[in-house]
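One-letter residues, chain by chain:
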Amino acid sequence: MCDSLLALLVSEANDRTIVDPDGNVDGDSFLYATLDFFSTWAESDSVDTAEFGRRSRIAWDRLLALPNPAFELGLPTLPTSPTDPMSSRPVPKPQDVSEATWDELMEHLDGLVGLKDVKRQVRADVAGKRVDAERVRRLLPIVSPSLHMVFSGNPGTGKTTVARILAGLYFQAGILTKGHLLEVGPGDLLGRWQGENRQRAQEIIERALGGVLLVDEAYTLAGTDRGPTEFQQEVIDVLVKGMEDHRHDLVVILTGYAAPMDRLLAANPGLESRIGERIEFPDYSTPELLEILDGLCGEYQMVLPEESTSELGTMLDALPRNERFGNARLIRNVFEDLVANLNLRISDAPLSEMATSVLNGITIEDVLSVRDDIVTGRASVKRHPLGFVP
């Protein structure tokens, strides 16, 4: 492997750390995994460094999905039980959405920007489930007994928001006994020691009963091209059993990119057979993204001049709509950055004497300062919200 590729790989390993079996932060685990992942491919005479970097990131994402990277790499394995009773991560808590009325939930759904086909499918799904619930009450057979769903699409396309609305609608319709949404990722389902996976997955299912269990990035449970690890398969098996045993009072929604979700379902017929419906979430168009930004500006009373909106539109038009495109997440991040640049630009002036139009006025200068983050894709990266809840 040439020096430049090795340097790039080491840089990536140093930037992204992982906890080794002894509890120490260890970037080498990623290095070992990526070297193994590309050992054959990287020996070719012509290697594109950009492509190598992209595949390095893919390898890292796959490594994170493993319950025990050290075990997978043939390094010392994780303990079979926790060495510290407090070492187990707490199971996430559900979000209660039972207080919203049917009309409020439908108004929220209708008020979402874009997603015309998604809204149509959700309305049809809820209507069908309401009628099926009445048929079940009368001991009549139903055509589509499965409540479970797949939401596929790129990040920031509204999958979690729609799942939250569905949880409330199902509760209001009497389909589910509790109005809550429990959102988890593969990292929440996979344990930190051998044998914890089944326990954690079962506990999460029990906590989600009566509501909706949203498994984000579920495709990572499929593992690599060689298939899921023993631990990932164990989690899948627990999920499938829970979906079947509690099919009348639990909705499991699996979310992720379209193609990887196809592979997950194709590799697990038992999982695929329990999915009642699949909804595709498309990328937002540039006008829709600007509408989302306009809504954020209105909510926080920020003023975005037409010149600035036009410049942002030009930047967004130039972005490829692929798996790295952040959609609404991108816009939320851009909005945060615009406000941060505005704050920095005016902070040295006498704020108490400043006109409100200046205090909350985003200028073309603020917009141009975020150009690099938009063009390079940094603005699409998931963040913890700062200063406001999106």
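For the structure itself, consult the block above.
These notes cover the structure that comes with them.

### Quick look at the nonpolar core
Within the largest apolar cluster, 57 residues are counted, with the highest numbers of intra-cluster contacts made by Val122, Phe151, Leu166, Tyr170, Ile253 and Leu312. Sort the elements by how many residues they give to this core and helix H15 (residues 328–346) lands first, with 9 residues. Not counting chain neighbours up to four residues away, the residues in contact with Leu312 comprise Leu290, Leu293, Leu304, Val334, Leu338, Val367 and Ile374. Leu190, Val235, Leu239 and Met243 belong to the second largest nonpolar core, which has 31 residues in total.

### Things to note about the packing of helix H5 (residues 102–111) against helix H7 (residues 159–172)
Each pair of packed helices can be summarised by the angle the axes make with each other and by the distance between the axes. Where H5 contacts H7, the axes come no closer than 9 Å and their chain directions differ by 155°. Here H7 runs roughly antiparallel to H5, going by the angle between their axes. For the element pair H5 and H7, the recorded crossing hand is left-handed. Between H5, through Trp102, Leu105, Met106, His108 and Leu109, and H7, the contact on the second element is made entirely by Thr161, Ile165, Gly168, Leu169 and Gln172. In terms of residue class, the contact of H5 with H7 is made up of 6 nonpolar, 4 polar and no charged.

### Quick word on unusual backbone geometry
The phi dihedral of Leu139 falls on the positive side, at around 65°, and the residue is not glycine. Mapped onto the elements of the fold, Leu139 is located in the loop between helix H6 (116–137) and strand S2 (149–153). Given a relative accessible area of 77%, Leu139 falls into the exposed group. Phi is positive for Asn327, close to 55°, though the residue is something other than glycine. Positionally, Asn327 belongs in the loop between helix H14 (306–317) and H15. Judged by relative accessible area, Asn327 falls into the buried class, the value being 0%.

### Describing the environment of Gly276
In this fold, Gly276 is placed in the loop between helix H12 (269–272) and strand S6 (277–281). Given the relative accessible area of 37%, Gly276 is considered partly exposed. With 151 residues separating them along the chain, Gly276 and Asp125 place their C-alpha atoms 9.9 Å apart. Leave out the neighbours within four places in its chain, and Gly276 touches Ser146 and His148.

### So, H7
With 14 residues, H7 extends 20 Å from end C-alpha to end C-alpha; this agrees with the ideal 20 Å at 1.5 Å per step. For H7, every residue scored as buried is listed here: Lys159, Val162, Ala163, Ile165, Leu166, Ala167, Gly168, Leu169 and Tyr170. Gly174 occupies a position one or two residues after H7 and carries a positive phi of about 80°.

### With respect to the pairing of strand S4 (residues 212–215)
On S4, burial covers both faces: Val212 and Leu214 on one face and Leu213 and Val215 on the other are all buried. When strand S3 (residues 180–184) meets S4, the two strands line up parallel, connected through 4 bridges. What sits directly across from Glu183, in S4, is Leu214. As paired strands, S4 and strand S5 (residues 251–256) are joined by 4 bridges and run parallel to one another. Note that in S5 the partner of Val212 across the bridge is Val251.

How each quantity is defined
- Residues numbered from 1 in each chain as written.
- Predicted model: local features only at pLDDT ≥ 70, side-chain atom pairs only at ≥ 80, totals over all residues.
- Heavy atoms only, no water.
- Core = buried A, V, L, I, M, F, W, Y, C linked by side-chain atoms within 4.5 Å.
- Buried < 20%, exposed > 50% of the residue type's maximum accessible area, 1.4 Å probe, protein only.
- Helix = DSSP H or I, 4+ residues; strand = E, 2+ residues; numbered from the N terminus.
- Contact = heavy atoms within 4.5 Å.
- Axes fitted to C-alpha atoms, helices over the stretch in contact; angles between N-to-C directions.
- Parallel < 35°, antiparallel > 145°, perpendicular 65-115°, else oblique.
- Left-handed = near helix turned anticlockwise from the far one by under 90°.
- Nonpolar A, V, L, I, M, F, W, Y, C, P; charged D, E, K, R; others polar.
- Expected span 1.5 Å × (residues − 1).
- Pairing = 2+ DSSP bridges.

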